[in-house]
Amino acid sequence: AINILNYELQFTPKSRAFSLLAYCYYNNQDYSNAARIYEQLVKFYPEVEEYKLYYAQSLHKEGLYDEALRASTAIENQQYQQRLVLLQSAIRYEKQEYSHAKSLLQHGIQGDPDVIVNEGCIGYQEGKYEEARTKFQEAMNIIGYNCELAYNIALCYYKLKQLAPALKFIA
């Protein structure tokens, strides 16, 4: 699909097919090219807030955290507020700015499983393993069994030197 889209875009460079190309790059984990295309889409269609969000997400995935934070500040539509909070919190987390990440999550929708999981991750990084385990368990109670959450719970139990419960979650 990427080759076909690149070929088609030679003839219509400002086509919305550009969006599909960026999406393909992102899903192929080619975040550099996804960011490059989304950046152009933001210039071509500045009124489309979604492109700004996807641009910031691509920069984040590429590891360009400061650039991702700058790009995320251009998003003004309240419709994207929750996703923006999660993205900015993830960026701060990656920069090991855990207290800042935690404060951003307070602006998210409380009770949202993604917010709860992020709070658990921050707790884990801060060495608050029981708090983190509780958050991961709370998220799993909301969304149901999830192998990644079960693994996180097991890690917390392991750090708390509670090996029997740790094995229960990974066996």
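Data block above holds the structure.
In this text, all values refer to a predicted model and were calculated from it rather than measured experimentally.

Rules behind the numbers
Residues numbered from 1 in each chain as written. Predicted model: local features only at pLDDT ≥ 70, side-chain atom pairs only at ≥ 80, totals over all residues. Heavy atoms only, no water. Helix = DSSP H or I, 4+ residues; strand = E, 2+ residues; numbered from the N terminus. Buried < 20%, exposed > 50% of the residue type's maximum accessible area, 1.4 Å probe, protein only. Contact = heavy atoms within 4.5 Å. Areas by Shrake-Rupley, 256 points an atom, 1.4 Å probe, with all protein chains shown as cover. Axes fitted to C-alpha atoms, helices over the stretch in contact; angles between N-to-C directions. Parallel < 35°, antiparallel > 145°, perpendicular 65-115°, else oblique. Left-handed = near helix turned anticlockwise from the far one by under 90°. Core = buried A, V, L, I, M, F, W, Y, C linked by side-chain atoms within 4.5 Å.

Time to look at the overall build of the chain. Assigned secondary structure in the chain consists of 11 helices and 0 strands. Reading the helices (α) and strands (β) of the chain from amino to carboxyl end gives α-α-α-α-α-α-α-α-α-α-α. For the chain, the spread of C-alpha atoms along the three principal axes comes to 60 × 30 × 25 Å. Among the 171 residues that make up the chain, the fraction classed as buried is 42%. Considering only intrachain contacts with a sequence separation of at least 6, the fraction spanning at least 24 residues in the chain is 39%. For the chain, the computed accessible surface area is about 9,800 Å², with 51% contributed by carbon and sulfur atoms.

A few words on the packing of helix H6 (residues 81-94) against helix H8 (residues 113-125). For the pair H6 and H8, the least separation of the axes is 11 Å and the interaxial angle reads 15 degrees. As summarised for this structure, H6 and H8 are arranged roughly parallel, according to the angle between their axes. Crossing angle aside, the handedness with which H6 passes H8 is left-handed. In this structure, H6 uses Gln82, Leu86 and Tyr93 to contact H8, whose residues at the interface are Asp114, Val115, Asn118, Cys121, Ile122 and Gln125.

Let us now look at the nonpolar core. With 28 residues, the main nonpolar core has Leu21, Ile37, Tyr38, Leu41, Tyr51 and Tyr55 as its most contacted residues. The set of elements that each furnish at least two residues to this core consists of helix H1 (2-9), helix H2 (17-27), helix H3 (31-44), helix H4 (49-62), helix H5 (65-72) and H6. Among the nonpolar cores identified, the runner-up in size contains 15 residues, and Phe136, Ala139, Ala150 and Cys156 belong to it.

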